Amino acid sequence: LEAVEALQAAVALRTCTPRIGPRGLGSACVLADMGRCSAPCIGEVDREGYAPLAETARRALVDDARIVEEALLTRLAALSSDLRYEEAALWRDRLETFARGAARAQEIASLAALPELVAARPSADGGWEIHVVRHGRLAGATVVPRGVDPRPSVDALVASSEQVEPAAGPAPAALVEETVRILRWLESDSVRLVPGPVPVAWSLPAHGAAGLLARLQSASRADVVTAPLPERHLRPAG
């Protein structure tokens, strides 16, 4: 809910869920009265006017968190200037909740987009644990004993691993919990990517939520509330 509030505050999305018919809903909510909702329910904005707002929200979640960061840090600065520190702390927490959720979603989407990734980690006995991941799903795994050349095993594993079709949109071809566990394994110590015939272009968005989350976590909670992040973070280059 906090993440939704952060996104809504930045983009003025509607938060109500009833289907809007040709005649609208008849009356506006409190958020519309406060100027914090675009109010398509009463015709303040039509479908063509609302579509860019929805697209901005999609981009904030998928690859560019700057609009949410700028809007909420501006709000934090205004609240701090008015000495409304408790309210500023609430919005700071909402911003971090949004950043954490969006960063996780972007990590999952980046792995789900890869047709194939092969990674290896040294095992306790001096051999190798080798995993094949396709579209965020574990497609195959093997263990190579110590002293054995791993390359033939890698070739055999890649050839015999499950064929995985991509899921719709940014979703992985597995349960989200499985993809998250794979991500944590890939981030663990000593894991390395195994080069294949096609280079793996695995990356996170340049203006994604991971950078925002890191900045928020590196600053103390009190510092962000009373003195928001430097202005360079409000308008990142590019």
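## So, the pattern of salt bridges
And step 1. Under the counting rule described, the total for this entry stands at 17 salt bridges.
And step 2. Measuring nitrogen to oxygen at the nearest pair gives 3.9 Å for the salt bridge that ties Arg 84 to Asp 82.
And step 3. Look at Asp 82 and you get partly exposed, because its relative accessible area is 49%.
And step 4. Across the salt bridge formed by Glu 107 and Arg 104, the nearest N and O atoms sit 4.0 Å from each other. Remark: Arg 104 and Glu 107 occur in helix H5 (residues 85-112); sequence separation between them is three residues, near one turn of the helix.
And step 5. The exposure class of Glu 107 is buried, given its relative accessible area of 18%.

## A short note on the nonpolar core
And step 1. Formed by 26 residues in total, the largest nonpolar core has its most connected members in Leu 7, Val 68, Leu 95 and Phe 98.
And step 2. Those elements that provide at least two residues to this core are helix H1 (2-11), helix H3 (47-62), helix H4 (66-81), H5 and helix H8 (209-218).
And step 3. A per-element tally of this core places H5 first, with seven residues.
And step 4. Dropping the residues within four chain positions of it, Leu 95 is found in contact with Ala 6, Val 68, Glu 69, Leu 72, Leu 73, Leu 212 and Leu 216.
And step 5. Counting 12 residues, the second largest nonpolar core, distinct from the first, contains Leu 114, Val 180, Ile 182 and Val 191.

## What to know about the packing of aromatic side chains
And step 1. The final tally for this structure, using the stated rule, is zero aromatic pairs.
And step 2. For the cation-ring pair, Arg 75 lies above Trp 91, with the distance from its terminal atom to the ring centre recorded as 4.3 Å.
And step 3. Of note, Arg 94 hangs over the ring of Trp 91, and the distance from its end group to the ring centre comes to 4.4 Å.

## Structural notes on the packing of H4 against H5
And step 1. Where H4 contacts H5, the two axes come as close as 8 Å, and the packing angle between them is 165°. Taken together, the axis directions place H4 and H5 in an arrangement best described as roughly antiparallel. Our pair here, H4 against H5, has a crossing hand that is left-handed. Contacts between H4 and H5 involve Val 68, Glu 69, Leu 72, Leu 73, Arg 75, Leu 76, Leu 79 and Ser 80 on the former and, on the latter, Tyr 85, Glu 87, Ala 88, Trp 91, Arg 92, Leu 95 and Phe 98.
And step 2. Looking at side-chain class alone, the contact of H4 with H5 contains 10 nonpolar, one polar and four charged residues.

## Some thoughts on the sheet that holds strand S1 (residues 117-122)
And step 1. Strand order in the open sheet made by the four strands is S3-S2-S1-S4, with antiparallel pairing throughout. Here the strands that pair on one side only, and so sit at the sheet edges, are strand S3 (137-144) and strand S4 (192-193).
And step 2. Of the strand pairs in this sheet, strand S2 (residues 128-134) and S3 are connected by seven bridges, and their pairing is antiparallel. Paired with Ile 130 across the strands is Thr 142, a residue of S3.

## Some details on the side chain of Asp 64
And step 1. Assignment of secondary structure puts Asp 64 in the loop between H3 and H4.
And step 2. Setting aside chain neighbours within four positions, we find Asp 64 in contact with Arg 59 and His 207.

## What to know about the packing of H5 against H8
And step 1. Contact geometry for H5 and H8: axes closest at 8 Å, N-to-C directions at 140°. Our classification of the angle between H5 and H8 gives oblique. As for the relative orientation of H5 and H8, their crossing is left-handed in sense. Contacts from Arg 92, Leu 95, Glu 96, Ala 99, Arg 100, Ala 102, Ala 103 and Gln 106 of H5 reach H8 at Ala 209, Ala 210, Leu 212, Leu 213, Leu 216 and Gln 217.
And step 2. The residue inventory of the contact of H5 with H8, partitioned by class, reads nine nonpolar, two polar and three charged.

## Some words on the side chain of Arg 134
And step 1. Secondary-structure assignment places Arg 134 in strand S2.
And step 2. A relative accessible area of 5% places Arg 134 in the buried class.
And step 3. Residues in contact with Arg 134, not counting those within four places in the same chain, are Leu 114, Pro 115, Glu 116, Ala 139, Val 158, Ser 161, Glu 162, Gln 163 and Val 164.

Rules behind the numbers
- Each residue is numbered by its place in its chain's sequence as written, counting from 1.
- The predicted origin of the model limits local features to residues at a pLDDT of at least 70 and limits the giving and counting of side-chain atom pairs to 80 or more, whereas totals for whole chains, interfaces and linings rest on all residues.
- Hydrogen atoms and water are omitted, and side-chain values are computed over all heavy atoms in the structure.
- By salt bridge we mean one thing: a side-chain nitrogen of Lys or Arg within 4 Å of a carboxyl oxygen of Asp or Glu.
- Only protein chains enter the calculation, and the probe is 1.4 Å; a residue is then buried if its accessible area is under 20% of its type maximum, exposed if over 50%, and partly exposed in between.
- The helix count covers DSSP runs of H or I at least four residues long, the strand count covers runs of E at least two residues long, and both are numbered beginning at the N terminus.
- Nonpolar cores are built from buried Ala, Val, Leu, Ile, Met, Phe, Trp, Tyr and Cys residues. Side-chain atoms within 4.5 Å join them into one set.
- Contact criterion: two residues are considered in contact whenever any of their non-hydrogen atoms come within 4.5 Å of each other.
- Each Phe, Tyr or Trp ring (for Trp, its six-membered ring) is paired with any other whose centre lies within 6.5 Å, and the angle between the two planes then decides the class: stacked below 30 degrees, edge-to-face above 60, tilted in between.
- Note on criteria: charge over ring means Lys NZ or Arg CZ within 6 Å of the ring centre, with the direction from the centre no more than 35 degrees off the ring normal.
- Each axis is a line fitted through C-alpha atoms, taken for helices only over the stretch in contact, and angles between the N-to-C directions span 0 to 180 degrees.
- Just so you know how the angles are binned, under 35 degrees is roughly parallel, over 145 roughly antiparallel, 65 to 115 roughly perpendicular, and the rest oblique.
- Working rule for handedness: look at the near helix, and if it is turned counterclockwise from the far one by less than a right angle, call the crossing left-handed; if clockwise, right-handed.
- Charged means Asp, Glu, Lys or Arg here, nonpolar means Ala, Val, Leu, Ile, Met, Phe, Trp, Tyr, Cys or Pro, and polar covers whatever is left, Gly included.
- Paired strands are those between which DSSP finds at least two bridges.

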